[in-house]
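Residue-level listing of the chains:
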Amino acid sequence: MEKRPIEPPDGGYGWVVVTSAFFIMGLTAAVLKNFGLFFLDIQRHYSVYTSTTSWVTSTTIAVFHLGAPLASTISMHLSQRSVIMIGGLLAASGMIIASLGLSLPWMYVSMGVLQGLGMSLCWIPANSMVSHYFKRWRPIAYAVASSGECVFAMIFSPFFQWLIESYTWRGAVLIIGGLQLNLCVCGALMRPLQPNPVTQNSIQGSKDQSGTTKKVTFQWCLIQRPELLLYIMFAILAAAGFFIPPLFLVPYTNSLGMEQYWAASVLSVLALADLLGRLACGWLANLRLVRNLQLLTMVVTAGGVVLLLLPVAQDYWAILVFSSMYGFLFGCVIAIHVTSIVDIVGLEGFDSALGLFMLLRSSGGFVGPPAAGWLVDWAGDFSAGFYLSGFCLVLSGIFVVFVDRLLERKKLPVKQTDSCSDTTDDQIINADRTDV
């Protein structure tokens, strides 16, 4: 019996959805990636330690992840379109309030809580829409959509630096808040998929399988699946490592005596390499030469090794080389780490699993930057932050190996329909051949 009356169209209006998601990624994740440009100005404005300033970004990252189950649940009861528009208003209001420069606690609330929650309400539904509109071309569609983060990050690095020098950091934050109002326009373009006509027998079958309930209820019980739990452990460690380099690259290059614009250009090159990595890995994943989880293990481990070696770079060009390598490998990870959730729980459990994934991953993003900031304060050298980041990424790759081996052992021809136990084992069995 067909469990999914809504079949991914794999094209058509889906490419409008991808374009909208492209801009959503740019106006959320790309802004977050360039928070490092404001780091020293905010630190000087409030006269606080590096670790204290790091809590601003850390709060944004944590709330961004913690809001994921809320975003998934509201999307199930309303629509992705409505949730994205609400998120756009929250994100913009957070930046506008932050521009007032009231106090550091207000920065935690505005740039941290409001901005983080707004990003979550935009990012989660956008990813969900792309995954539901595509099946065969899902890796490519997601790679194109997520590349908006890289394209906008390249543009935003020099643009934000110019805004800071022209209007101070507070004026720059106010203008960014205005730009984020365009998230509401992107949300308006997210047209929900319409169910395909079904027969009376199909309707009866869906009732028997409690399909309707599954579509509107957040499946917390998915956390009982060991493969998803191990994958979340990978996500926690990866999040702890991933958010450190963009935050400390600019201060690190400044500490070596380089001018601010040269330091900002490192983020632009990082974003360009990130873009190439996403597109290249999305294309490679579509070829199915290796399993997605195998590919993920290779790129995340290599990224960790590059970060461990980055502090040996003591001049601009050496930093540029290591940053490019890391950016490319980071892009490879981003291109497949979300779509790999479909390989683990199937498309029907994707929305709930993504919410759980983001919720629990928040602990890594929340602890990583402050821990790196504390190490930098203690060691008096920004290199310590990169060592921590690289170690976390290498360790995270081990958990991906465990997930891949566990899924391989479960490839048995057993049909089950409960997505909270081993619901999608059947889908996983055929994922390498039919679900991209």
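All of the points below concern the structure found in this document. From a predicted model like this one, the values you see are computed outputs, not experimental measurements. (Residues numbered from 1 in each chain as written. Predicted model: local features only at pLDDT ≥ 70, side-chain atom pairs only at ≥ 80, totals over all residues. Heavy atoms only, no water.)

### Quick word on the overall build of the protein chain
Put simply, the rule is: The helix and strand labels rest on DSSP assignments: H or I over at least four residues marks a helix, E over at least two residues marks a strand, and numbering proceeds from the N terminus. A 1.4 Å probe rolled over the protein chains alone gives each residue an accessible area, and that area as a share of the maximum for its type sets the label: buried under 20%, exposed over 50%, partly exposed in between. Contacts are residue-level and defined by heavy atoms, with any inter-residue pair within 4.5 Å sufficient.
Looking only at helices and strands, one finds 19 helices and zero strands in the protein chain. In the protein chain, which comprises 436 residues, the proportion classed as buried is 59%. The long-range share in the protein chain, meaning contacts at least 24 apart out of those at least 6 apart in sequence, stands at 86%.

### Structural notes on the packing of helix 11 (residues 226-242) against helix 14 (residues 292-309)
So the rule is basically this: For helices, the fitted line uses only the C-alpha atoms of the stretch in contact; every axis is such a line through C-alpha atoms, and the angle between N-to-C directions lies from 0 to 180 degrees. Roughly parallel means an angle under 35 degrees; roughly antiparallel means over 145; roughly perpendicular covers 65 to 115; every other angle is labelled oblique. In this scheme, a crossing is called left-handed if the near helix is turned counterclockwise away from the far one by less than a right angle; it is called right-handed if the turn is clockwise. In this classification, Asp, Glu, Lys and Arg are treated as charged, Ala, Val, Leu, Ile, Met, Phe, Trp, Tyr, Cys and Pro as nonpolar, and every other residue, Gly included, as polar.
In contact at an axis separation of 13 Å, helix 11 and helix 14 are set at 30° when each is read in the N-to-C sense. The angle between helix 11 and helix 14 places the two elements in the roughly parallel class. The hand of the helix 11/helix 14 crossing is left-handed. Listed contacts from helix 14 to Tyr231, Phe234 and Phe242 of helix 11 are Leu293, Leu296 and Val300. Of the residues contributing to the contact of helix 11 with helix 14, the split by class is six nonpolar, no polar and no charged.

### Section: empty space enclosed by the protein
Let me state the cut-off plainly: For each structure, a 1 Å grid was placed over the protein atoms alone; sets of points admitting a 1.4 Å probe that cannot get out are labelled cavities, open sets with protein on both sides within 12 Å along at least five of seven lines are labelled pockets, and lining residues have an atom within 4 Å of a point. Grid points are joined across faces, edges and corners, and a volume is the space filled by probe spheres set on the points.
Under the definition given, this model contains five cavities of 30 Å³ or more. Quantified by volume, the largest cavity comes out at close to 360 Å³. Forming the boundary of the largest cavity are 25 residues, of which Ala29, Leu32, Glu149, Phe243 and Phe330 lie nearest the centre. The element best represented in the lining of the largest cavity is helix 1 (residues 14-33), accounting for five residues. Broken down by class, the residue content of the lining of the largest cavity amounts to 16 nonpolar, five polar and four charged.

### Quick look at the packing of aromatic side chains
Defined as follows: Here a pair means two rings of Phe, Tyr or Trp (six-membered ring of Trp) with centres within 6.5 Å. Their orientation is stacked below 30 degrees between planes, edge-to-face above 60, and tilted elsewhere.
Taken as a whole and judged by the stated rule, the model has 20 aromatic pairs. Ring geometry for Phe156 and Phe160: centres 4.7 Å apart, planes at 15°, overall stacked. With Phe156 and Phe160 both in helix 7 (residues 138-180) and four residues apart, the pair spans about one turn of that helix. Residue Phe156 is classed as buried on the basis of its relative accessible area, which comes to 6%. Residue Phe160 is classed as buried on the basis of its relative accessible area of 1%. Centroid distance Tyr316 to Trp317: 5.2 Å. Interplanar angle 75°. Geometry classified as edge-to-face. With a relative accessible area of 13%, Tyr316 lands in the buried category.

### Quick word on the packing of helix 14 against helix 15 (residues 316-337)
Packing of helix 14 against helix 15 brings their axes to within 9 Å, and their N-to-C directions diverge by 155°. With respect to helix 15, the element helix 14 is oriented roughly antiparallel. When the axes of helix 14 and helix 15 are compared, the crossing they make is left-handed. Between helix 14, through Asn292, Leu295, Leu296, Val299, Val300, Ala302, Gly303, Val306, Leu307 and Leu309, and helix 15, the contact on the second element is made entirely by Phe322, Met325, Tyr326, Leu329, Cys332, Val333, Ile336 and His337.

### Brief notes about helix 11
Convention followed: In this analysis, the expected span of each helix is defined as 1.5 Å times one less than the number of residues it contains.
Taking 1.5 Å per residue as the helical rise, helix 11 with its 17 residues ought to reach 24 Å, and the 24 Å between its terminal C-alpha atoms agrees with that figure. The buried fraction of helix 11 is high, at 12 of 17 residues. For helix 11, the full list of buried residues reads Glu227, Leu228, Tyr231, Ile232, Phe234, Ala235, Leu237, Ala238, Ala239, Ala240, Gly241 and Phe242. Those residues of helix 11 that are buried lie in contact with helix 12 (244-255), helix 14, helix 15, helix 16 (340-345), helix 17 (350-379) and helix 18 (383-409).

### Details of the pattern of salt bridges
Any two side chains of opposite charge can pair, on the condition that their charged atoms come close. To keep things clear, this is the line we draw: For salt bridges, the criterion is a side-chain nitrogen of Lys or Arg within 4 Å of an Asp or Glu carboxyl oxygen.
This model, assessed by the stated rule, comprises six salt bridges. In this structure, Arg225 and Glu227 form a salt bridge, with 2.7 Å as the shortest nitrogen-oxygen distance. Each member of the pair Arg225 and Glu227 is classed as buried. Notably, a salt bridge pairs Asp404 with Arg291, separated by 2.8 Å at the nearest N-O pair. Of this pair, Asp404 sits in helix 18 while Arg291 sits in the loop between helix 13 (260-287) and helix 14, placing them 113 residues apart in sequence.

### Topic: unusual backbone geometry
A positive phi is found at Thr168, a non-glycine position, where the angle reads about 70°. Tracing the sequence through the fold places Thr168 in helix 7. Residue classification places Thr168 among the partly exposed positions, given a relative accessible area of 47%.

### Digging into the nonpolar core
Quick reminder of the rule: Within this scheme, the nonpolar core is defined by two criteria: the residues are buried Ala, Val, Leu, Ile, Met, Phe, Trp, Tyr or Cys, and they are joined through side-chain atoms within 4.5 Å.
Counting residues in each nonpolar core, the largest one holds 124 residues, and the members touching the most others are Phe38, Met107, Tyr231, Phe234 and Leu296. With 13 residues, the top contributor of residues to this core is helix 7.

### A word on the state of the cysteines
How we decide: Note on disulfides: each one is a pair of cysteine sulfur atoms within 2.5 Å.
Across all of its chains, the model carries zero disulfides by this definition. The closest cysteine sulfur to the non-disulfide-bonded Cys184 is located on Cys122, 7.5 Å from its own sulfur. Cysteine Cys332 shares no disulfide, and the gap to the nearest cysteine sulfur, in Cys281, comes to 4.3 Å. Take Cys332: its relative accessible area is 5%, and that puts it in the buried class.

### Regarding the side chain of His337
How we decide: We define a polar contact as two N or O atoms separated by no more than 3.5 Å, with the added condition that, inside protein, one atom must be a possible hydrogen donor and the other a possible acceptor, whereas residues neighbouring each other in sequence contribute only through side-chain atom pairs.
Residue position: His337 is located in helix 15. Only 3.3 Å separates the side chain of His337 from the backbone oxygen of Ile334, close enough to count as a polar contact. At 3.3 Å, the side chain of His337 forms a polar contact with the side chain of Arg361.

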